[in-house]
Amino acid sequence: MTELPARRLLLVHAHPDDESINNGATMAKYVAEGAHVTLVTCTLGERGEVIPAELRHLEGAALGAYRRGELDAALTELGVEDVRVLGYQDSGMMGLPDNDDPAVFWQAGLDEAAGALADVMVEVRPQVVVAYDDNGGYGHPDHIQAHRIAMRAVELAEGRGHRVDKVYWNRMPRSVVEDAFARLAEELPGLPFGKSADIADLPGVVPDERITTAVDGTAYAAAKAAAMRAHATQITVAGEYFALSNDLAQPLFTTEYYELVRGSAEPGESDLFAGVEVAS
């Protein structure tokens, strides 16, 4: 196998578009700095709601195939070349009958799915893994399952000889979110969205003291926005704001925040690899 760069980051996401919203600036930054960035996407979002009227005929496998193309386009904007799709089907929103389909990600055996992810970890040997919290950020079954398999895969990979040094969960500090929504309220009349989202519905918002790491991706703001625009079935971007299919505006953050849940954080940490031995 070709020798990989010394720094290796792996991110686990549930559907195409999650990676760009949560970590687009982070991924672009580390790719630009020479790190190897691997994205693992668990499903192709076959049950996602489609925004453009001309694409609303897409559903099921056809929508999944289209969203895979969007994912590739988004990752091109971010410079990420290593993407793996685990191949499970989208489970739909929590509580829907879709959740009971044996083929969906929510119904996948934990060790089976985590084992497939662990195979990737053993192959690329990431020092750092980024995942969701135990509620998947906002309670979507695929996000919760992605959290479960990510944490289990870290254990399985260690049993196979690769130890992940640091695991982070995607987070947002409440003070930053509140400030951004205050600005949004002032600018909303000039934006092409119905109204503002509710802060309480934003995934991963926690008290500031829970944040261990802030990655400044300001230099990669344009790349993140372009990546999000590539997911046109799911996202509408307008300047520093965006909306999903609910047409509720929310801020587009270019500094991305994390909570370290495995490993040691340095005070005021701004680098996911801080304190990591990066010799390959």
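Residues numbered from 1 in each chain as written. Predicted model: local features only at pLDDT ≥ 70, side-chain atom pairs only at ≥ 80, totals over all residues. Heavy atoms only, no water.

You'll find the chain entered in an unreviewed UniProt entry as 1D-myo-inositol 2-acetamido-2-deoxy-alpha-D-glucopyranoside deacetylase, with Streptomyces seoulensis given as the organism. UniProt's Catalytic activity (unreviewed entry) comment on the chain is quoted here verbatim: "1D-myo-inositol 2-acetamido-2-deoxy-alpha-D-glucopyranoside + H2O = 1D-myo-inositol 2-amino-2-deoxy-alpha-D-glucopyranoside + acetate". Comment text from UniProt for the chain, heading Sequence similarities (unreviewed entry), reads "Belongs to the MshB deacetylase family." (UniProt positions renumbered as here; feature names shortened; annotations may be inferred.)

## A few points about the sheet that holds strand β9 (residues 236-238)
Strands pair in a sheet through their backbones, by hydrogen bonds, and they do so in one of two ways: parallel or antiparallel. Spatially, four strands are ordered β6-β11-β10-β9 in an open sheet, and the strand pairing comes out mixed. Taken across any chain shown, the strands that pair with only one partner, and hence form the sheet edges, are β6 (195-196) and β9. Of the strand pairs in this sheet, strand β10 (residues 241-243) and strand β11 (residues 248-251) are connected by three bridges, and their pairing is antiparallel. Across the sheet, A243 pairs through a bridge with A249, a residue of β11. (Pairing = 2+ DSSP bridges. Helix = DSSP H or I, 4+ residues; strand = E, 2+ residues; numbered from the N terminus.)

## Quick look at helix α4 (residues 141-159)
Relative to the 27 Å expected for 19 residues at 1.5 Å per residue, α4 spans 27 Å between its end C-alpha atoms, a close match to the ideal helical length. Remark: G161 follows α4 within two positions and exhibits a positive phi of approximately 105°. (Expected span 1.5 Å × (residues − 1).)

## With respect to the UniProt feature "binding site: Zn(2+)" (unreviewed entry) in the chain
UniProt annotation of "binding site: Zn(2+)" (unreviewed entry) refers to H15, D18 and H143 when read in the numbering used here. Across 129 residues of sequence, these annotated residues stay compact in space, with a maximum C-alpha separation of 9.6 Å. Residue position: H15 is located in the loop between β1 (8-13) and α1 (18-32). Overall, H15 belongs to the buried group, its relative accessible area being 6%. Setting aside chain neighbours within four positions, we find H15 in contact with T41, T43, G45, R67, D90, H140, D142 and H143. Mapping H143 onto the fold places it in helix α4. Overall, the relative accessible area of 3% leaves H143 in the buried class. Residue contacts for H143: discarding those within four places in its chain leaves A14, H15, D18, Y132, G136 and Y138. (Buried < 20%, exposed > 50% of the residue type's maximum accessible area, 1.4 Å probe, protein only. Contact = heavy atoms within 4.5 Å.)

## Some points on the packing of aromatic side chains
A complete count under the given rule lists three aromatic pairs for this structure. Between Y30 and F273 the ring centres are 5.3 Å apart and the planes differ by 70°, which places this aromatic pair in the edge-to-face class. Remark: F273 occurs in the segment after β12 (255-262) and Y30 occurs in helix α1; sequence separation between them is 243 residues. Classification of Y30 by relative accessible area gives buried; the value is 0%. Measuring from centroid to centroid gives 5.2 Å for Y88 and F105, while their planes differ by 35°, and the two rings are tilted. (Phe/Tyr/Trp six-rings, centres within 6.5 Å; stacked < 30°, edge-to-face > 60°.)

## Points about the pattern of salt bridges
Close approach of charged atoms lets side chains of opposite charge pair. A complete count under the given rule lists 20 salt bridges for this structure. As a salt-bridge pair, E33 and K29 come within 2.7 Å of each other at their nearest N and O atoms. E256 serves as the salt-bridge partner of K224, at 2.7 Å between the closest nitrogen and oxygen. Here K224, found in helix α6 (residues 221-230), pairs with E256, found in strand β12; they are 32 residues apart in sequence, far enough to count as distant. Residue K224 shares its accessibility class with E256, and that shared class is buried. Taken together, the shared-partner salt bridges connect R7, K29, E33 and D271 into one network. (Salt bridge = Lys/Arg side-chain N within 4 Å of Asp/Glu carboxyl O.)

## Quick look at the side chain of E46
By secondary structure assignment, the location of E46 is in the loop between β2 (36-43) and α2 (60-78). R47 provides the closest opposite charge to the buried, unpaired E46, separated from it by 6.2 Å. Engagement of the side chain of E46 in a polar contact is seen with the backbone nitrogen of D90, the distance being 2.9 Å. (Lys, Arg positive; Asp, Glu negative; His and termini not counted. Polar contact = N/O pair within 3.5 Å; in protein donor to acceptor, adjacent residues only side chain to side chain.)

## A few points about unusual backbone geometry
Even without glycine at this site, R125 takes up a positive phi of about 55°. Judged by its relative accessible area of 24%, R125 falls in the partly exposed class. Look at D247: it is not a glycine, yet its phi comes out positive at around 65°. Within the fold, D247 resides in the loop between β10 and β11.

## A word on the packing of α1 against α2
The axes of two packed helices give the description: the angle between them and the distance between them. Taken N-terminus to C-terminus, the directions of α1 and α2 make an angle of 40°; their axes are 9 Å apart at the nearest point. The pairing of α1 with α2 is recorded here as oblique in orientation. The segment α1 lies against α2, with E19, S20, G24, M27, A28 and V31 engaging L71, A74, L75 and L78. Split into classes, the residues belonging to the contact of α1 with α2 amount to seven nonpolar, two polar and one charged. (Axes fitted to C-alpha atoms, helices over the stretch in contact; angles between N-to-C directions. Parallel < 35°, antiparallel > 145°, perpendicular 65-115°, else oblique. Nonpolar A, V, L, I, M, F, W, Y, C, P; charged D, E, K, R; others polar.)

## Some points on a nonpolar patch on the surface
Residues M93, L96 and Y138 make up a contiguous nonpolar surface patch of roughly 280 Å² in combined accessible area. You can see L96 is positioned in the loop between β3 (82-88) and α3 (110-124). (Patch = residues over 30% accessible without salt bridge, like charges linked within 9 Å, V, L, I, M, F, W, Y side chains within 5 Å. Areas by Shrake-Rupley, 256 points an atom, 1.4 Å probe, with all protein chains shown as cover.)

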